Amino acid sequence: MEEEAWSTNPEVLQTLDILSSYPNEFWKYPVVIYYLAHREERDFEIHFLKFLRKLLIELVTRYLITPTINAVKSDILKLNTAIIDSAVPEFAFKETDLRTLKQQIRNPHRNIVRMLLKILAYEEQTELLPFKWEIEHIFPQKWKRNYSDVEKMDDEVIKEKIEHIGNKLPIEKKLNIVAGNDYYLKKKEIYMNSKIAITKEMGRSQLDNWNLDHIVERDIRVSDFIIKTFEQWNKEYLLP
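Residues numbered from 1 in each chain as written. Predicted model: local features only at pLDDT ≥ 70, side-chain atom pairs only at ≥ 80, totals over all residues. Heavy atoms only, no water.

1. A short note on the pattern of salt bridges
Piece 1. In total, this model carries 16 salt bridges according to the counting rule given.
Piece 2. Two residues, aspartate 43 and arginine 42, come together in a salt bridge whose shortest N-O distance is 4.0 Å.
Piece 3. The exposure class of aspartate 43 is partly exposed, given its relative accessible area of 41%.
Piece 4. Arginine 42 sits in the exposed class, given a relative accessible area of 75%.
Piece 5. Glutamate 134 is the partner of lysine 173 in a salt bridge, and the nearest nitrogen-oxygen pair spans 3.0 Å. Of the two residues, lysine 173 sits in helix H8 (residues 173-179) while glutamate 134 sits in strand S1 (residues 133-137), which places them 39 residues apart along the sequence.
Piece 6. Using a relative accessible area of 24% as the deciding quantity, one classes glutamate 134 as partly exposed.
Piece 7. Three or more residues joined by partner-sharing salt bridges are found here, namely Glu11, Arg53 and Glu236. (Salt bridge = Lys/Arg side-chain N within 4 Å of Asp/Glu carboxyl O. Buried < 20%, exposed > 50% of the residue type's maximum accessible area, 1.4 Å probe, protein only. Helix = DSSP H or I, 4+ residues; strand = E, 2+ residues; numbered from the N terminus.)

See below:
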């Protein structure tokens, strides 16, 4: 397997890495079946990447809507059967208008956050994320009342915004321990030491503080990017 072309394809490896963060192992069955059924076919590497990305879309969107481990079980079983007959199998998952998922992406269930962050990270780099990385909250989970203009805001409003995707980055475990709950200017210095591209880029930001408005702005950029990416992958899946 390691000698096959796809095993050194960065996009294939990245997509498999994203799938590995799915909350259960249902994703593994169609991937293995697809590999065994079609690995000898012409252009396998191209079709394999398209298939993996399509699977990723369906799993992420279903979990965003219904965050339970059994939400896709029956659909996966149908897919496993369809794979045997075609290298471009039909995904009989419930059809979803991606544009309706903006709010779910902006405030996702905690079990899907790592997948979303990997999608963002791999837009900026070809290297896989380190094995040990953690979710960094840019606006700290433990804040002070004089931190970034939140003195008059309700605690529950702040707590809810802190968990939005726009407030999160992937960061090396060691650096996250150092970052802790420091203020933004201090965190920027630590982000600059990260080898993860999007985190390092945050360190280069010209901003002097990070508040709830910045979270909302980044929420919009992130959700728009993910939806645009998914729409593109859906189109590519159907191309010959």
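2. Focus on helix H6 (residues 113-121)
Piece 1. Of all the nine residues making up H6, eight are buried; the element is thus mostly covered by neighbouring parts of the structure.
Piece 2. Inspection of H6 places Val113, Met115, Leu116, Leu117, Lys118, Ile119, Leu120 and Ala121 among the buried residues, and these make up the whole buried set.

3. So, the packing of aromatic side chains
Piece 1. For the structure shown, the criterion picks out 13 aromatic pairs.
Piece 2. Centre to centre, the rings of phenylalanine 230 and tryptophan 233 are 6.0 Å apart; their planes meet at 35°, and the pair counts as tilted. Residue phenylalanine 230 and its partner tryptophan 233 are located together in helix H11 (residues 212-238), separated by three residues, close to a single helical turn. In this structure, phenylalanine 230 and tryptophan 233 share a single accessibility class: buried.
Piece 3. Each residue in the set Trp6, Tyr34, Tyr35, Phe44, Phe48, Phe51, Phe91, Phe93 and Tyr237 is aromatic and connected to the rest through ring pairs, giving one cluster.
Piece 4. The cationic tip of lysine 54 hangs over the ring face of phenylalanine 91; the distance from NZ or CZ to the ring centre is 5.8 Å.
Piece 5. When the ring centre of tryptophan 133 is taken as origin, the NZ or CZ atom of arginine 114, which lies over that ring, is 3.8 Å away. (Phe/Tyr/Trp six-rings, centres within 6.5 Å; stacked < 30°, edge-to-face > 60°. Lys NZ or Arg CZ within 6 Å of the ring centre and 35° of its normal.)

Function-wise, these values are silent; they only describe arrangement.
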